[in-house]
Every structure is written in structure tokens, then in C-alpha cells.
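# Coordinate inspection notes
So the chains spell out like this:
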Amino acid sequence: METLSTPLVSLPIQANPEAPTIKNNNRNRLVLSLIDRCISLKQLKQVHAHMLRTGLFFDAYSASKLFTASTLSPFSSLEYARKVFDEIPEPNLYTWNTLIRAYSWSLEPGESVKIFLRMLCESPYFPNKFTFPFIIKAATKLSRLGVGQVFHGLVVKSSFGDDVFILNSLIHFYASCGNLDFAYRVFVRIAVKDVVSWNSMISGFVQGGCFDKALELFREMEAENFKPNAVTMVGVLSACTKMKDLEFGRWIRSYIEQNGIKMDLTLSNAMLDMYVKCGSVEDAKILFDKMEEKDIVSWTTMIDGYAKLGEYDVAKSFLDAVPRQETATWNALISAYDQNGKPQEALAIFRQLQLSKNANPDELTFVSTLSSCAQLGAMDVGEWIHENIKKQRMKLNCHLTTSLIDMYSKCGNLEKALDVFHSVERRDVFVWSSMIAGLAMHGRGRAAIDLFYRMHEAKVKPNAVTFTNVLCACSHSGLVEEGRMFFNQMEPVYGVVPGVKHYACMVDILGRTGLLEEAVEFIEKMPITPSGSVWGALLGACKIHENVELAEQACSQLLELEPENDGALVLLSNIYAKTGKWDNVSELRKRMRVSGLQKERGWSSMEVNGTLHKFLAADNSHPLSKEIYSKLDEIVAKLKSSGHVTNKSLLLQLIDEEDMKEQALNLHSEKLAIAFGLISTSPSQPIRIVKNLRVCGDCHTVAKLISKLYNREILLRDRYRFHHFSGGNCSCMDYW
DNA sequence: CTAGGGTTAG
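Throughout this document, residue positions are counted from 1 along each chain, in the order its sequence is written. Chain letters start at A and ligand numbers start at 1, both assigned in the order the entries are written. For this predicted model, a pLDDT threshold of at least 70 governs which residues receive local features, and a threshold of 80 or more governs which side-chain atom pairs are given and counted, while totals over whole chains, interfaces and linings are taken from all residues. Only hydrogens and water are removed before side-chain values are computed, so all heavy atoms of the structure are retained for them.

As recorded in an unreviewed UniProt entry, chain A goes by the name DYW domain-containing protein, listed as coming from Acer negundo. UniProt positions are given in the numbering used here, feature names are shortened, and annotations may be inferred rather than shown by experiment. Turning to chain A, the UniProt annotation filed under Sequence similarities (unreviewed entry) states: "Belongs to the PPR family. PCMP-H subfamily."

What follows deals with the UniProt feature "repeat: PPR" (unreviewed entry) in chain A. UniProt records the feature "repeat: PPR" (unreviewed entry) at residues 194-228, 264-298, 326-361 and 428-462, using the numbering of this structure. With 74% helix and 0% strand, the stretch residues 194-228 has end C-alpha atoms that lie 10 Å from each other. Only DSSP runs of H or I with at least four residues qualify as helices, and only runs of E with at least two residues qualify as strands; both kinds are numbered from the N terminus onward. As a span, residues 264-298 carries 74% helix and 0% strand, and end to end its C-alpha atoms are 12 Å apart.

Looking along a regular strand, one sees the side chains alternate between the two faces of the sheet. When DSSP locates at least two bridges between a pair of strands, those strands are taken to pair. Two elements, strand β1 (residues 603-608) and strand β2 (residues 611-616), share 6 bridges in a ladder whose sense is antiparallel. Each bridged residue has a counterpart across the sheet, and for Glu607 the counterpart in β2 is Leu612. Hairpin geometry of β1 and β2 is characterised by an intervening segment of 2 residues between the two adjacent antiparallel strands and by a positive phi of about 45 degrees at Asn609.

What follows covers the protein's contact with DNA strand B. Proximity is defined per residue: if any heavy atom of the residue lies within 4 Å of a molecule or strand, that residue is considered near it. Not every one of the 40 residues close to DNA strand B is listed here, only the nearest: Tyr94, Asn168, Asp194, Asn199 and Asn229. The sugar-phosphate portion of DNA strand B accounts for 42% of its atoms within 4 Å of the protein, the bases making up the rest. N or O atoms within 3.5 Å of each other form a polar contact, as long as, within protein, one can give a hydrogen and the other can take it, and as long as residues adjacent in sequence are counted only when both atoms are side-chain atoms. The contact in question runs from a base nitrogen of DNA strand B to an N or O atom on the side chain of Asp194, over 2.3 Å. Asn229 places a side-chain nitrogen or oxygen 2.7 Å from a base nitrogen of DNA strand B.

This part covers the pairing of strand β5 (residues 722-726). By the bridge criterion, 4 bridges tie strand β4 (residues 714-717) to β5 in an arrangement that is antiparallel. Counted as the bridge partner of Leu716 is His723 from β5. In this antiparallel pair of consecutive strands, β4 and β5, the connection spans 4 residues. One ladder, built from 2 bridges, connects β5 with strand β6 (residues 729-730); its direction is antiparallel. Among the inter-strand pairings, Phe725 is bridged to a residue of β6, identified as Cys730.

Helix length check: helix α17 (residues 296-308), at 13 residues, gives a terminal C-alpha distance of 18 Å against a target of 18 Å (1.5 Å per residue), a fit within 8%. Among the 13 residues of α17, 10 are classified as buried, and the element is accordingly described as predominantly covered. Every buried residue of α17 is listed here: Ser298, Trp299, Thr300, Thr301, Met302, Ile303, Asp304, Gly305, Tyr306 and Ala307. By the convention used here, residues are in contact when the closest approach between their heavy atoms is within 4.5 Å. Buried residues along α17 sit against α15 (265-277), α16 (281-290), α18 (312-321) and α19 (327-339). For a helix, the expected span equals 1.5 Å multiplied by the number of residues minus one. The buried label applies to any residue whose accessible area, calculated with a 1.4 Å probe on protein chains only, is under 20% of its type's maximum; exposed applies above 50%, and partly exposed to all values in between.

This next bit is on the packing of helix α21 (residues 363-376) against helix α23 (residues 398-410). For every element, the axis is a line fit to its C-alpha atoms; helices are fit only across the contacting stretch, and the angle between N-to-C directions ranges from 0 to 180 degrees. Orientation of α21 relative to α23, taken along the N-to-C sense of each, is 15 degrees, at an axis distance of 8 Å. Classified by the angle their axes make, α21 and α23 are roughly parallel. Crossing angle aside, the handedness with which α21 passes α23 is left-handed. Along its contact with α21, which presents Glu363, Phe366, Val367, Leu370, Cys373 and Ala374, the element α23 presents His399, Leu400, Ser403, Leu404, Asp406, Met407 and Lys410. Of the residues in the contact of α21 with α23, the class split is 8 nonpolar, 2 polar and 3 charged. Comment on the angle field: the value is read as roughly parallel under 35 degrees, roughly antiparallel over 145, roughly perpendicular from 65 to 115, and oblique elsewhere. Helix crossings get a hand from a simple test, with the near helix turned counterclockwise from the far one by less than a right angle marking a left-handed crossing and a clockwise turn marking a right-handed one. Under the convention adopted here, Pro, Cys and the residues Ala, Val, Leu, Ile, Met, Phe, Trp and Tyr are nonpolar, Asp, Glu, Lys and Arg are charged, and Gly plus all remaining residues are polar.

Attention shifts here to helix α4 (residues 78-87). Restricting attention to buried positions, one finds in α4 the residues Tyr80, Ala81, Arg82, Val84 and Phe85. Each element contacted by the buried residues of α4 is listed here: α2 (41-54), α3 (60-72), α5 (93-105) and α6 (109-122).

What follows is the structure, encoded as C-alpha cells:
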């Protein structure tokens, strides 16, 4: 092949009138044909330079050909394309369109719109039928309803109102902005619909969650004798997937066969996904084995399918078998572990990914692994991931920001969470909400509320999650009035209909302060059926305020909804113990023993230099067990001499945090962890502990005293919130 | 020489 490094013969800039025209000139044709054969930006630039030298670049057709190549070739950059464009003296309409298209595909679709406006101002051209699909695509990517509507108006005014290509892009635009109504209006007004019109509308309905409407349209399409194609079937299948209707999915399979629709790769993948999501990995496996062509999506779908079933070995074997391991396949396994409560396994896979040479972690990997760190309270690992993100110069999008804030908050480092929050430019509703949640779990209710107002000032609309977090903040800080106010304002002021979680929060807020009657009234007035969590909140309040009668009612309501909820009976028996009703306690215990009810075992964990140490109650499996217990003895002695008396009534309770047989309060897992923390970390470091259940009263008191006696900050995360112990006090102000 | 619709992971 010709190489471009050998200089081509230069041409005179102005050909004389008798000479062949630029286009017909053989040498010029050769130069233009070289454009398509460039395999690197360097080569393209050489052709560009040559064309400038010979003057060929100043021929509109030739320049646009070079320009098109610069926008389309995989090695090129938009930056370069833009420079080429700016050199073209008088770009023609084709060239303008090409630039608009290039940006509509890019990460900055907004540029498309800007260039379109520039074209209107600077060029003598009007948009043609090709221009509109490009700018509508840009509006779609921007998800800006208003922008698209302006274009729609222009379409009508420029009398392109019956161009099916343009109208189809408008259907897609309106549907992806969530405005199915407008999309449908465009659809019905198309005089001569083609298959793309139907497909756009069907998949629009599916994406908008209107599965029935999508299927109805599919039937209508059939009734009008329109032949569906593979894309139609992908839409119908994805509706079926969302409805989890395996029978219907199987019907679609036979429909496809009967109608001779070709199962292309995407359709096969959609079918795989349908089988997996509708609960038949078996069918998926059969199809997968039959597929001649497979891509990353096929493999990922299978990995995800097995991992979600808990068949991690099979999932792992699929991961190992992927011909070209890409990040997405790893992510499928990592996120499956993370979401199924196996954060340590997720991090183990992450470590393997880092060692593998075939793939690099991406944004999604980080989101999943940060969530695992948050679950575990593994801050060293989390920080290390944060460093990795920085090293890769990865830009923090809102998703990643949210994950980082969540990780730092749940690992007890609220300051770092705030640092991340303040450092980013873009904050969507999830970023704000996660920061509010972080402040809430650390007992900084006022700050959480302040942040809510700042979010409002920033014109970010709160959603249901935001309100759950705000109400949580009120609950953790005992802000009854504020809680009531937010709850009452939710719907009328912010347009968020209270869900069952919000009701549960309110019951918690009222109940905790002792407003038990009001809480009961509140439950009775609920317009939706109270869930277990609502009764659970009431039961918890009954424990604090020692209301046996109400506790019994709440407990039976709770067990009716959630018969397997062991915590309810444990809580009730503790209320009996606290109020001295020992007969009831033993009766309950018997009942629990008979039904084989076992409570979750309590554990506490602590991370030291990236390694997680986990303790059960009375645990002596740790290598440093001896040292830990002698430290514990020292602590007990110190506490005694400082006047601390173990609350005997607590000893007799069936402590909900620990196993029945291990009632010895001094052997609670959090105490072991604290003792371990004292001997394994430097005095300047806070001791960070994560506990799976709620901290018990005695441990809470002891932790406060230790923080004073040893002058140590202790950060304990329990099931509900954080406790910052320092100088003999706790951030929860004993309100938890 | 340019155009519209589709599958996975949070």
C-alpha cells in the first residue's frame, strides 16, 4: 500500500482554466481516496497538510470529505475535526450538518445546538431534512424538553411536518423525556407510518413503564398487518421482562419463529435477559449455548443471572470463560456480590480484577466496591479506592460522588464525606440526599435540615429518598416539631406523596419522644396499610417508654405481617424484663425455643490497616485473643474503680444484641472490638467499629467511660446510626 | 456523500 510519509507531488494552487477541474483531476481523486484509507490521525493530518499546500482543501467538496473523515474515523477527535471545520472558508450545508451530527453523538450534545444556532446566524443556509434528526438527537441526549419543542416548532414551520424520519426522531425524543403523551400525539399524526414509527412508540411505552400500552400497540400493529422486525420484538420482550411474565416470554419466542423474524444478537440478548429476569436461568442457558454469536452483553447477562441466584461458583466459571474479559463482566459479579450482602466477596473479586491485565476498573466497578466498603465500614479500602479514582483522573459524576459520600459517612468519617460533597461542581438529588443521610446518621439533625434548605435554594427538587433522610435526621436528633412540619409539607409543598417509609419515620419520631398516643392515632389515620416497619417503630418506642400493653399489640401486629421477624419477640421479651414481668419472659423464651426462632448473632468488626477483624460475643478466635482479654480485664478494673456498676437488670434481659447463652455483658462483641482497638491502633487515631445490631445500653455506657478514661475517640456504627464517643459523652446524647 | 427505533451492569 502507499505510505503517506512519502511526499506527494505538489500541485499548483490555481489550475489554469484549460486544465481539468479540481474534481476530475486524477491526482486529486487519488488524494481524496487516500482519506478513506488513513488509519491514524497522523496520516489524516498529512493528507490535510497536502491538501492545504495544493489548494485542494479550498474546494468545498474536497474539504467536506476530509472533514467527514475527521468526524467519523475511530482514531480521530472532535477537537481536530473542529479545527478542520474552522479552516473551511465557506462550509456548505452538508458540512454544517456533519458537524452537528458529530456533536450530537458526542459527550457534548449541547455543542450541536450551539453550532446549529451559529449556522442560522452565519451561513446562508436553512436547515434541511437531514439537519433535524441530528439536532433532535442532541436534544434527546440533553433530555431538554423545551429545546426539543422549539425544534419541533421549527420542523412544522419549515414544512417538514410530514417527514417520517423527522417525526420518528420526535417520538423518540418525547418518549425519552418521559412525555409519552406528546410522543403518542406525534405518532398518531404520522400519515404514513413505517416500522420505525411503531418501534419507537412501542419502546417509548416500555421505557416509560407503560407495558400494557406497549403490548396493546404491538397488537394494533399486527391488526394493521404491519410486519414487526427484530427491533419490535426487542421492545415487546423488554416489556415482558419488566412484567416478569415467563409464559408470555415463551409465546414471544414461538411468535418470532413462526413469523420468520431473524434472531440477531441484540434480540437473542434481550431474550436471554427475559429468561433470567423471569426466573428461568435454565432456558437462558439453553439459548446461550445455541447462540452462534455472543458478545459482552450475553456473557454479562448470564453471570448476573447466576450470581443473583446465589450460584456464585457457576457465575465465576462464566466469568473465567469469557473470551475477552471486559470490565462489564467483572462488574456483573462484583455488583451481584455487593447487592446480595456479600461485600467481602465483592472486594475479593475487585482485587482479582486489579491483578488481571485484561480489564481495568471503571466507574461502575467503583460504585459497587464503594458500596461494599460502606457495608463493611472498611474505610482504608474505601480511601484506597478513592485514591485510585483520583489516579485514573476519573471525573466524579453524581453517581460516584454519591457512593463516596455514602462510603465515608458509613465508615464514620463525616468530614471526608463533607469534603467530597463540597468539592464537586454538580450535585443532583442523590448527591444532596446522601449528604443529608450522612449528617442524619451522625446525629447532626440541624445540619441535615440546613442542607435540605440549601438544596432547595440550589433548585434541586427533593424526592421520596430525600424526605426519608430528612425525617430520619429529625428522628435521630429528637426534632419532633420539625419532623411533623416536613411530613405535612411533603405533598402540598414539594409534591412528594408520603410512602410507608415516611409514615414509619413519623411513628418513630413521635414514639421516641413519648408521644405514644399520638403515634397510635397517626397509624390509625394512615391512608395506606401500615407495614411491619411502622409497627416495629412503635414497638421500639414502647421499649423506651416501658409500655407493655401497647408493645404486645404492636408485636402481634408485626408478627402477623412478618411471622419470621425474630427481633420482635426479642424486643418484647426485653420490655417484659425491663418492667420485671419475669413470667412473661420465660414464657416467651419457651415459645421461641419451640418455634426454633433464632436471632441473628451479634458481631462487631474493626478495620486495621486495610484488614477487617470481626468479633462475636465471647469470641476467642482472634490471634491476639489473650491480649484482648487482659486489656478487657484492665478496662473492667478501671471502670470499677471509677465507680461504674454494671446494670444488673440488663444482665437478666434477653439482650437483643447477643446470643442467649452469652449474656455476660462484659463479653459483648463491641467491647472486644474496643479492647482490640485500644491495643492495635495509635492513641491519636479514633477507634472505628461497625456492629450489625444495635448497641446495648451497658456497652453504650462503657464506651462513653472508656472514651474518657483512655482519652480516646470511639466511633461506633450500629444498625441504625453512629455513636461518637469522646470525653465521656456520646453524639447521640443518649437518644437512640 | 448525511437521517429515525433495540439488549447487560447501579
